[in-house]
Amino acid sequence: MNNPLDEYHWRGMMQDLTEGAHEAFSQGPRTAYIGFDPTASSLHVGSLLPIMGLVHLQRAGHSPIGVVGGGTGLIGDPSGKALERQLLTREQTAENLEGIRGQLERFLDFQVSTNPARMVNNLDWLGELRTVDFLREVGKHFSVNALLRKESVRRRLEEEDGGISFTEFSYVLMQAYDFLVLLDRYNCTVQMGGSDQWGNITAGIDLIRRMRGEKAFGVVFPLVTSATGVKFGKTEAGTVWLDPARTSPYRFFQFWLNTDDPDAIPYLKFFTLMGKEEVAELESALADRPHERAAQRALAEEVTRRVHGETGLSRARQATQVLFGGDLEGLSGEEIADVFSDVPSSEFPRQTFEGEGMPILDLLAESGVASSKGDARRSIQGGGVYLNNIRVEDVGRRVRLEDALGGRFLVFRKGKKNYRLVKLLG
RNA sequence: GGUGGGGUACCGAAGCGGUCAAACGGGGCAGACUGUAAAUCUGCUGGCUCAGCCUUCGGAGGUUCGAAUCCUCCCCCCACCA
């Protein structure tokens, strides 16, 4: 049995740990949990680091628990939030929870007999909690004076008109209680999470010490940042989700492939299971031959394979090759449909393109390639518009049936990466 | 309630009777270079039937041949004073 904290440490993914945590893992198998917020029906790449935390834990022979905050999600964690949150309905939360469960199953082994991963919903116990019992048993152990000093609460108290509701103010009690319940039910003695969870985690540790006289531990992972200061997990297209319906495997793959050089090695350590030697090799490859981007490629392939499977990866790869390899000639209609399935598309009736065809400016504006005809005109004049990968030179050009690939598709591109598929209907 | 300062394009910010679709900076988009990078350089960045026309400078009126610019009223912000 290995100590997962050593693994975290060399990977640079351990921001902080409570006293005695390292020794605790050396003594024998432990059960540890991480909570996931069910504010959306999918996790995004921002949750990937904690998930990898659970993965390493399980590989080291310990038991991971993923807690989906069906109950706490109904309350809202004030940590890191400037404003009071919109409350989710129970139905929304339940739905989101299902999505998240499916995604965690891609990372953790729920089948092994020795240390299977578990997935629980804290609504199971928070939902049936009686107010009076809770206030007597749990509330007693929390000092309002201490709560008021908490960073997350204090910031909100200083807000002029925002403030904090009693609901969110009590959030930390809920999360602390979660830890206690998990200790009782699963002998779970470790809680992990993002660094913003430190306060919530230590609150749970305190509660366990007071109510059960036991020692529990906490480990927090750093906030993933990028060297250029861009918020990790966001692209022009928005958040990068794990759900293929929200972020296609192709875009997901591209997200990782586009990692900046300085981030590539840290990310390999964070998000793949590669060992030290492999990472070191890629590091020197990146230093010697940066243009090959071996590290980014490996990163993109590993992570995409894990999240979207072998099929998702090969589709993403194929799409990448076609989109950046250049040649669209010779592709069948089916191949185009497949490769461009990830690309935003619009549909036009076939007769639009019959005879004289449609002026390209109108088509660009109406299909959403450009925001207006003026924009379309300027983009063409600037040399930034391509039809079927051939630069459009003439602003007055018309698009006709002969332009359609396989008689069915028009592939527009603005710039290097922005594709748009126009489908001919009828 | 009093006094002073303001509201300009995605954001910040100039302009203070015509030469203003509005300087400059940021952001965004595109081009060149490259590694689908960073940095850099270049162009574009209200709409259209695009060498021209139309709608914009908090809102509504007015003065003027002509207003983002002057006047009146209204709305909203900020600073200081009570």
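Rules and cut-offs
- Residues numbered from 1 in each chain as written.
- Chains lettered and ligands numbered in written order.
- Predicted model: local features only at pLDDT ≥ 70, side-chain atom pairs only at ≥ 80, totals over all residues.
- Heavy atoms only, no water.
- Domains from an automatic or database assignment.
- Contact = heavy atoms within 4.5 Å.
- Buried area = accessible area lost by both parts, 1.4 Å probe.
- Salt bridge = Lys/Arg side-chain N within 4 Å of Asp/Glu carboxyl O.
- Polar contact = N/O pair within 3.5 Å; in protein donor to acceptor, adjacent residues only side chain to side chain.
- Helix = DSSP H or I, 4+ residues; strand = E, 2+ residues; numbered from the N terminus.
- Nonpolar A, V, L, I, M, F, W, Y, C, P; charged D, E, K, R; others polar.
- Near = heavy atom within 4 Å.

### Considering the domain arrangement of chain A
Here the domain parsing of chain A yields domain 1 (4-221), domain 2 (234-322) and domain 3 (343-425). Distance from the C-alpha centre of domain 1 to the C-alpha centre of domain 2: 28 Å. Residue-level contacts link 20 residues of domain 1 with 24 residues of domain 2. Counting the surface lost from both domain 1 and domain 2, the interface buries some 1900 Å², and carbon and sulfur atoms represent 68% of this. Three residues stand out in domain 1 for area buried against domain 2, namely Trp-10, Arg-11 and Val-45, and they jointly supply 33% of the buried area on that side. Here domain 1 and domain 2 share zero salt bridges between them. Where domain 1 meets domain 2, there are 10 residue pairs in polar contact (both at pLDDT 80 or more). Looking at the side of domain 1 that touches domain 2, the elements with two or more residues in it are α1 (4-11) and α3 (48-59). Per-class residue counts for the side of domain 1 that touches domain 2 are 11 nonpolar, six polar and three charged.

### So, the protein's contact with RNA strand B
Taken together, 26 residues lie near RNA strand B, and Leu-257, Asp-261, Thr-320, Lys-373 and Gly-374 sit nearest. Protein-proximal atoms of RNA strand B, defined as those within 4 Å of the protein, fall in sugar or phosphate at a share of 56%. Between Gln-254 and RNA strand B, the recorded distance is 2.8 Å, taken from a side-chain N or O atom to a base nitrogen. At a separation of 3.0 Å, a phosphate oxygen of RNA strand B approaches a polar side-chain atom of Arg-378. Of all the secondary structure elements, the ones that give two or more residues to the surface near RNA strand B are α12 (249-257), α15 (294-325) and α18 (373-381). For the surface near RNA strand B, the leading source of residues is α18, giving four residues. Its residues assigned to classes, the surface near RNA strand B comprises four nonpolar, 12 polar and 10 charged.

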